[in-house]
Amino acid sequence: MNSTFLLGAAEEGFAWGDFLFYLVLFIILMALIKKFAWGPVTEMMEKRATKIATDIDAAEESRKRAEDLAQKREEALQASRTEASEIVNRAKQNGEQQKATIVSAAHDEVVTMKANAKKDIQQERQEALASVKNDVAELSIEIASKIIQKELSAADQKALVDSYIEGLGKQNGIR
């Protein structure tokens, strides 16, 4: 048919009837393509463009949330470091205070022990002096009673005093 159209056009001039027929067929074909092919393809392309735009927006939103989360984590990490530093400083201060308290308590205890030791030494000295006084008094009484009972020569007195001193040493050793 094409060949007759072209040949016919060359022989007779321009065929307006055929031209109109082909033009109507072309317009009908374009209408059918627009309705059945172009519409769905355009709709599909719009859906695809909308999906891509939505995905880009979602990716941007996710990126922003990730940045916010990273910033919050960094702030939390910094806060944790600050808190850890404060805890270490407080622990050091508490340690220093405990050290000072322990040293002070030990110093007070040493002072108390020294005072008690001095009291004990003084008391022992007083007891020793009292004991010596009692012993000397007893010795004097015994010597006096012996002298009264008999008169002694110088040698006898010396022997008597020596025997009492030995007896006194033995008594103190037994105590």
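Residues numbered from 1 in each chain as written. Predicted model: local features only at pLDDT ≥ 70, side-chain atom pairs only at ≥ 80, totals over all residues. Heavy atoms only, no water.

### What about the overall build of the protein chain?
To keep things clear, this is the line we draw: For helices the rule is a DSSP run of H or I covering at least 4 residues; for strands it is a run of E covering at least 2, with both sets numbered from the N terminus onward. With a 1.4 Å probe rolled over the protein chains alone, any residue whose accessible area is under 20% of its type maximum counts as buried; one over 50% counts as exposed, and the rest are partly exposed. Only the protein chains shown count as cover for residues, with accessible areas throughout obtained via the Shrake-Rupley method and a probe of 1.4 Å.
Helix and strand counts for the protein chain stand at three helices and zero strands. N-terminal to C-terminal, the α/β element order of the protein chain is α-α-α. A burial count over the protein chain gives 4% of its 175 residues as buried. Accessible surface for the protein chain amounts to roughly 15,200 Å². Of this, 62% is attributable to carbon and sulfur atoms.

### Details of the confidence of the model for the protein chain
Put simply, the rule reads: Residue-level confidence of the predictor is what pLDDT reports, using numbers from 0 through 100.
The share of residues in the protein chain with pLDDT of 70 or more is 86%, and the mean pLDDT across the chain is 84. Summarising per-element confidence for the protein chain, the mean pLDDT is lowest in helix H1 (residues 2-12) (53) and highest in helix H2 (residues 16-149) (89).

### Re the packing of aromatic side chains
Defined as follows: Only Phe, Tyr and Trp rings take part, Trp by its six-membered ring, and two of them pair if their centres are within 6.5 Å. Stacked means planes under 30 degrees apart, edge-to-face means over 60, and tilted covers everything else.
Tallying each qualifying case throughout the model produces four aromatic pairs. Plain terms: the ring middles of Trp-16 and Phe-19 are 5.9 Å apart, the flat faces sit at 90° to each other, and that makes the pair edge-to-face. Note that Trp-16 and Phe-19 are positioned in helix H2 at a spacing of three residues, about one turn of the helix. Classification of Trp-16 as exposed rests on a relative accessible area of 55%. Phe-19 sits in the partly exposed class, given a relative accessible area of 35%. Relative to Tyr-22, the ring of Phe-21 has its centre 5.7 Å away and its plane inclined at 65°; by these criteria the two rings are edge-to-face.

### A word on the environment of Val-161
Residue position: Val-161 is located in helix H3 (residues 154-174). Distance from Val-161 to Leu-139, taken between C-alpha atoms, is 8.7 Å for residues 22 residues apart in sequence.

### Observations regarding a nonpolar patch on the surface
Worth spelling out the cut-off: Exposure above 30% relative accessible area and the absence of a salt bridge qualify a residue for a patch, where like charges join within 9 Å and nonpolar side chains (Val, Leu, Ile, Met, Phe, Trp, Tyr) within 5 Å. One side-chain nitrogen of Lys or Arg within 4 Å of one carboxyl oxygen of Asp or Glu is enough to make a salt bridge.
Residues Phe-14, Trp-16, Phe-19, Leu-20, Leu-23, Phe-26, Ile-27, Leu-29, Met-30, Ile-33 and Trp-38 make up a contiguous nonpolar surface patch of roughly 1,200 Å² in combined accessible area. Mapping Phe-26 onto the fold places it in helix H2. On the basis of relative accessibility, which here comes to 49%, the residue Phe-26 falls in the partly exposed class.

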